[in-house]
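Working through the structure, step by step
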Amino acid sequence: MSLLTVKQLTKSYQAGKTAINNLSFELNKGECLGLVGESGCGKSTLARCLLHIEPINSGSIYFKNEAIERLSERQLHPYRKKIQIVFQNPSAALNPKLKIKDSLIDPYAQYSKELNLSHFSYTSKEAFVKQLLEAVELPPSLADQYPHELSGGQRQRVTIARAISIEPELIVLDEPTASLDVISQGAVLTLLTELREVLNLSYLFISHDLAAVRQISQRIMVMKDGKLVDQFNRDHLFAEERHPYTKELISFF
Ligand SMILES: Nc1ncnc2c1ncn2[C@@H]1O[C@H](COP(=O)(O)OP(=O)(O)OP(=O)(O)O)[C@@H](O)[C@H]1O
């Protein structure tokens, strides 16, 4: 079943730059769909358009067959809790003045009246935060610490915990491991894979790093200059019919 369908999406910036050019794809429920391409090809613009952080010029975005690209902020409200995003830089995503427990509770506090959680359960703030920290394999003692007291990898786990706290259906992961060292990267990718299975999540995993995309995704899309140039199952990455640009990315492995 298609969870997210994008049809002929185009986004130009005022400066005249076409960042996304007639892009179409489908993301199926339960899958991790990878999007790879070099810096400046339009990956983050796509993430921002999907989340309505940027307006689009033309095209359609369907979430479970409902067109969401022209919805007002009020109409979008129910979708905001179903689609979460994790950004590259966890330091920018966490308020430095808030303790980890207060950042973690924020989405739940916002949507508590509409939520029907099946994996997590809310009995008290402390207990809920403990469950979230456990889910991302962090010690409960971090709840009372501030972001600057955590490592980069721990901070990214906190932003992941926050994204999963309201049990969304789709998470857009925009370069979530790019700011981490290789060991933390691998551990976060493994964690994301486990969480997808346990929480029945779907991911759009965006990265310039083909190795990371290959590790976590079932299907892979390749983007160049705002266009999709290739799309295939992970097992077909090294197939002869790959686009020359995909082969170029493989050569950097
Ligand atoms: N706010 C903006 N105003 C004008 N042009 C922009 C804006 N944001 C992005 N662009 C341009 O749109 C193109 C796509 O940028 P985008 O950030 O989406 O690429 P990216 O693939 O995510 O790159 P990176 O991995 O470096 O973040 C680039 O040419 C960029 O300069």
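Residues numbered from 1 in each chain as written. Predicted model: local features only at pLDDT ≥ 70, side-chain atom pairs only at ≥ 80, totals over all residues. Heavy atoms only, no water.

1. Quick look at the pairing of strand E6 (residues 83–86)
Covered by surrounding structure in E6 are Ile83 and Ile85 together with Gln84 and Val86, the residues of both alternating faces. Here four bridges tie E6 to strand E7 (residues 170–174), and the two strands are oriented parallel to one another. Each bridged residue has a counterpart across the sheet, and for Gln84 the counterpart in E7 is Ile171. (Buried < 20%, exposed > 50% of the residue type's maximum accessible area, 1.4 Å probe, protein only. Helix = DSSP H or I, 4+ residues; strand = E, 2+ residues; numbered from the N terminus. Pairing = 2+ DSSP bridges.)

2. Some thoughts on the environment of Val129
One can find Val129 in helix H5 (residues 125–135). Residue classification places Val129 among the buried residues on the basis of a relative accessible area of 3%. Each C-alpha atom of the pair Val129 and Pro168 lies 17 Å from the other, and the pair is 39 residues apart in sequence. In contact with Val129, not counting residues within four places along its chain, are Lys101, Leu104, Ile105 and Ala143. (Contact = heavy atoms within 4.5 Å.)

3. With respect to the sheet that holds E7
Two modes of strand pairing occur in sheets, parallel and antiparallel, and in both the strands are linked by backbone hydrogen bonds. The six strands lie next to each other as E6-E7-E8-E3-E9-E10, forming an open sheet whose pairing is mixed. Both outer strands of the open sheet, E6 and strand E10 (227–233), are each paired with one neighbouring strand and no more. With strand direction ignored, the average angle separating the axes of adjacent strands in the sheet is 15 degrees. Strand direction decides the pairing type here: strand E9 (residues 219–224) and E10, joined by six bridges, are antiparallel. In the sheet register, Lys224 faces E10, and the bridge partner there is Lys227. Of the strands in this sheet, strand E3 (32–36), E6, E7, strand E8 (202–207) and E9 touch helix H1 (residues 43–50), which is tilted by about 150 degrees from E8. (Axes fitted to C-alpha atoms, helices over the stretch in contact; angles between N-to-C directions.)

4. Observations concerning the sheet that holds strand E5 (residues 66–67)
Taken together, four strands build an open sheet; the order of strands is E2-E1-E4-E5 and the sheet is antiparallel. Two strands bound the open sheet, and with one partner strand each, they are strand E2 (18–28) and E5. In this structure, strand E1 (residues 2–12) lies alongside E2, joined through seven bridges in antiparallel fashion. Across the sheet, Ser12 pairs through a bridge with Thr18, a residue of E2.

5. Points about the site of the ligand
Surveying the vicinity of the ligand reveals 13 residues, the closest of which are Ser39, Gly40, Lys43, Ser44 and Thr45. The separation between an oxygen atom of the ligand and a polar main-chain atom of Cys41 is 3.1 Å. At 2.9 Å from an oxygen atom of the ligand is found a side-chain nitrogen or oxygen belonging to Lys43. Expressed as a share of its isolated accessible area of 630 Å², the protein-covered part of the ligand is 63%. (Near = heavy atom within 4 Å. Polar contact = N/O pair within 3.5 Å; in protein donor to acceptor, adjacent residues only side chain to side chain. Areas by Shrake-Rupley, 256 points an atom, 1.4 Å probe, with all protein chains shown as cover.)

6. Let's talk about the UniProt feature "domain: ABC transporter" (unreviewed entry) in the protein chain
On the UniProt side, "domain: ABC transporter" (unreviewed entry) is annotated at positions that read residues 4–250 here. When the span residues 4–250 is considered, its composition is 36% helix and 25% strand, and the gap between its end C-alpha atoms is 27 Å. (UniProt positions renumbered as here; feature names shortened; annotations may be inferred.)

7. Some thoughts on the packing of aromatic side chains
Using the criterion set out here, one finds five aromatic pairs in the structure. Centroid distance Tyr108 to Phe128: 4.7 Å. Interplanar angle 50 degrees. Geometry classified as tilted. Here the residue Tyr108 occupies a position in helix H4 (residues 100–111), and Phe128 occupies one in helix H5, the gap between them amounting to 20 residues. Residues Tyr108 and Phe128 agree in their burial class; the two are buried. For the pair Phe120 and Phe128, a centre-to-centre distance of 6.4 Å together with 85 degrees between the ring planes defines the contact as edge-to-face. For Lys82, the ring lying beneath its charged end belongs to Tyr79, and the centroid distance is 5.7 Å. (Phe/Tyr/Trp six-rings, centres within 6.5 Å; stacked < 30°, edge-to-face > 60°. Lys NZ or Arg CZ within 6 Å of the ring centre and 35° of its normal.)

8. Side note on the pattern of salt bridges
Inspection of every chain in the model, using the stated rule, returns 14 salt bridges. Lys64 serves as the salt-bridge partner of Glu169, at 2.8 Å between the closest nitrogen and oxygen. Linking Glu169 in the loop between helix H6 (152–164) and E7 with Lys64 in the loop between strand E4 (58–63) and E5, this pair joins segments that are 105 residues apart in sequence. Residue classification places Glu169 among the buried positions, given a relative accessible area of 15%. (Salt bridge = Lys/Arg side-chain N within 4 Å of Asp/Glu carboxyl O.)

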